[in-house]
Amino acid sequence: MSPAINPIILFFASIFTSNILLANFLGMCSFISISKDQKSSFGLGFAVTIVMTITMVASWVVLKLIIEPLNLDYLSFIIFIIVIAAIVQILEMVIDRVSPALYMALGIFLPLITVNCAILGAILFMQIRNYDFFQTLAFGIGSGAGWWLAIMLLASIRKRIDVAPVSAGLKGPGITIITIGFMAMAFIGFSGMLNVQ
Amino acid sequence: MHPLILGPLVVALVSSALAFLISLTDRVVNDYGEVQIDINGGKKLLKVRGGSPLLGTLAFENIFLPSACGGRGSCGACKVKVRSDVGPHLPTELPYLNSQEVAQNVRLACQVKLKKDISIEIPEALFNIKKFKTTVERIRDLTYDIKEVYLRLSDAAIADGGISFTPGQYAQLVTPPYGDVKESVQRAYSMSSTPQDREHIELLIRLVPGGIATTYVHTRLKEGDTIEVVGPFGEFGVRDTKALMVFVAGGSGMAPFKSMLNHMAQTGAWQDRDIWYFFGARSKRDMFYLEEMEELGKRFSNFHFVPALSEPKPEDNWTGPVGLITNVLDSYFKERMAPDVPKEGYLCGSPGMIDACIKVMTNNGITTDKIYYDKFA
């Protein structure tokens, strides 16, 4: 049985109250390394959103058509990873052909997303919470957009930090992780508004 | 069905279905069909298969753009002016292009993927560039770290007219993968042979510690081996004026000047021009071709050879000029050469030596547009 959450509420919830980055701390490595630069952050956030949405829906189809009917839950990790990798490959080729400008904007980020744990993490949440199709779609777009929002916020903050007097030992990743902690606490403030599981 | 069979079967089936999907997409999406390359406004029209980088596609059609890295986007040599629209410059190209080149849509041929008909402009001389199969006829040690490599072109290439170049141009040696080096690399070396000898190419190769191609030549290449050479490239060479020429070289930078001077001796060219040749080395063990050059100096009254040692050893018994080549050059400019004669500078050597010599030359009245050089890092 799917939990009865309106997909629209789920969409906003996955951006704010249960942001995949700031509530679950998934996709941290690229979040920390790429947020140095605003332009790259924008590209990566956009790419994550696209890939998250498409792989989420594709994984849902695979889950409902293959994994659940055959009782292969114990193989879902492997199958999801294969699905993500393949879809990123296909997406890369299609974007290169259809929109070279977008391909250029995404650059190296598209293939990198294959190993972004936020994608696999979100898909596994989808499986555990037993979403139906529209909830999955909303959750995919929302989680991607939430990731995008978080990295843009962090990139903007880091731009300020760059010119702030930070003590030498905390420069770079150190102050960034502290910043992420504050951001996470701020986002927890949203969590009383909605409770999505 | 037993889960031990079902599990792997499902994973295999899902993977192959996705693999099928990928190759299907590849077939459909990456099929650019036949693409036309228009070179120099209709001078040459090529019909090729699209989908690959421009550099490799042109090489397949026997048009060789200069490339030292072999298409990895790390040397910036394969610049080509693209007249049709191939999209904005890639981040991989920009570090090698200045703002003027970007404005003229100069691109790196190894980074431009052929997707549709394209119109490009390349120097006419590039049509002359060929890939030669050669055999090593002779390898000789000139100093402890410089080898003279004498290559004979294949019979087919000789029957086809051999190599045609002007003294000062360079060729790219293609070294095969060896040891830990997994890729074939191309490195540029000035040719020290003369254009009169169309059957051979001679290169002077100094061992660069850690260098892929030079290590190959110094440790693996033997007489009788076959190796590929692409060329000729480059615009370095004697300009057609009457000005006095000042050559400055160090180490294997000897190569283009050996070619020019032997060309002078063989054809009688430039014998009405004064030529000063400054060759710098640390001590006598780095010095080579001393007799050959002094012989030329005796034969031709217009040619003056000035070898200089910066750190001569006592056992060298050196009586010639001592000091850094820049100091020797400066003192000759001030004391030996007529100040009011038009002069041209020709340089070949390390970037540091070239920069220092340019400074000395401009201080002594040669403007930078009259100073020509090949910088090999």
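The structure we're discussing is the one just above.
Residues numbered from 1 in each chain as written. Chains lettered and ligands numbered in written order. Predicted model: local features only at pLDDT ≥ 70, side-chain atom pairs only at ≥ 80, totals over all residues.

## Looking at the interface of chain A and chain B
Condition: What counts as a contact is two residues whose backbone-derived C-beta atoms lie within 7 Å of each other. Helix and strand definitions here come from DSSP, where helices need a minimum of 4 consecutive H or I residues and strands a minimum of 2 consecutive E residues; each element is numbered from the N-terminal end. Only Asp, Glu, Lys and Arg are considered charged, only Ala, Val, Leu, Ile, Met, Phe, Trp, Tyr, Cys and Pro nonpolar, and every remaining residue, Gly among them, polar.
Opposite the 17 residues of chain A that make contact, chain B presents 17 residues. Those elements that place two or more of their residues in the side of chain A that touches chain B are helix 4 (76-98) and helix 5 (100-106) of chain A. Tallying contributions element by element places helix 4 of chain A first for the side of chain A that touches chain B, with 10 residues. When grouped by side-chain class, the residues that make up the side of chain A that touches chain B number 14 nonpolar, 2 polar and 1 charged.

## Quick word on the sheet that holds strand 11 (residues 226-233) of chain B
All names here are of chain B. Worth spelling out the cut-off: One requirement defines pairing of two strands: DSSP has to find at least two bridges between them. In this analysis, axes come from line fits to C-alpha atoms, helices being fitted only over the stretch in contact, and the angle between any two N-to-C directions falls in the range 0 to 180 degrees.
Sheet architecture is open: 6 strands sit in the order 9-8-11-6-7-10, paired in antiparallel fashion. Strands at the two margins of the open sheet, each flanked by one partner only, are strand 9 (185-190) and strand 10 (200-206). Taken over all neighbouring pairs, the strand axes of this sheet differ in orientation by 40° on average, direction set aside. Pairing between strand 7 (residues 146-153) and strand 10: 7 bridges, direction antiparallel. In the strand pairing of strand 10, arginine 152 is matched with histidine 200. Contacts from helix 5 (residues 212-219) reach strand 7, strand 8 (170-175), strand 9 and strand 10, with the element oriented near 75° to strand 8.

## A word on the environment of Trp60(A)
All names here are of chain A. Applied cut-off: Any residue whose C-beta has 12 or fewer other C-beta atoms within 10 Å is treated as exposed, any with 20 or more as buried, and any in between as partly exposed, C-beta atoms being built from the backbone.
By the element assignment, tryptophan 60 lies in helix 3 (residues 38-67). Look at tryptophan 60 and you get buried, because 21 C-beta atoms sit within 10 Å. Apart from the residues within four sequence positions on either side, tryptophan 60 is in contact with Met126, Phe133 and Thr136.

## Description of helix 6 (residues 254-267) of chain B
All names here are of chain B. Worth spelling out the cut-off: A helix is expected to span 1.5 Å multiplied by its residue count minus one.
A rise of 1.5 Å per residue sets the reference length of helix 6, with its 14 residues, at 20 Å; its end C-alpha atoms lie 20 Å apart and thus fit the reference within 8%. Of all 14 residues in helix 6, 11 are buried; the element is thus mostly enclosed. Met254, Ala255, Pro256, Phe257, Lys258, Ser259, Met260, Leu261, Asn262, His263 and Met264 are the residues of helix 6 that are buried. At the C-terminal side of helix 6, glycine 268 shows a positive phi close to 85°.

## Remarks on unusual backbone geometry
Cis geometry marks the peptide bond from Gly231(B) to Pro232(B), where omega comes out at -5°. Looking at where Pro232(B) falls in the secondary structure, it is placed in strand 11. With a phi angle near 55°, Phe25(A) is a residue other than glycine that sits in the positive phi range. In this structure, Phe25(A) sits in the loop between helix 1 (7-15) and helix 2 (28-34). For Asn317(B), which is not glycine, the phi dihedral falls at a positive 50°.

## Quick word on the nonpolar core
Our working rule: Residues enter a nonpolar core if they are buried, belong to Ala, Val, Leu, Ile, Met, Phe, Trp, Tyr or Cys, and are joined to the set through C-beta atoms within 7 Å.
Counting 84 residues, the largest nonpolar core has Ala109(B), Ala171(B), Leu203(B), Phe247(B), Val248(B), Tyr277(B) and Phe278(B) as the members making the most contacts within it. Contact partners of Ala171(B), with chain neighbours within four places excluded, come to Tyr189(B), Met191(B), Ile201(B), Val229(B), Val230(B), Gly231(B), Pro232(B) and Phe233(B). Core analysis: the second largest hydrophobic core is formed by 55 residues, Val62(A), Leu106(A), Ala118(A) and Ala155(A) among them.

## Thoughts on the sheet that holds strand 3 (residues 79-82) of chain B
All names here are of chain B. Strands sit in the order 2-1-5-3-4 across an open sheet of 5 strands; the sheet is mixed. The two strands at the open ends of the sheet, each matched to only one other strand, are strand 2 (44-49) and strand 4 (106-108). In this sheet, neighbouring strand axes are inclined to one another by 40° on average, regardless of whether the strands run parallel or antiparallel. Where strand 3 and strand 5 (residues 118-121) come together, 2 bridges link them in antiparallel fashion. Note on strand 5: the bridge partner recorded for valine 82 is isoleucine 120.

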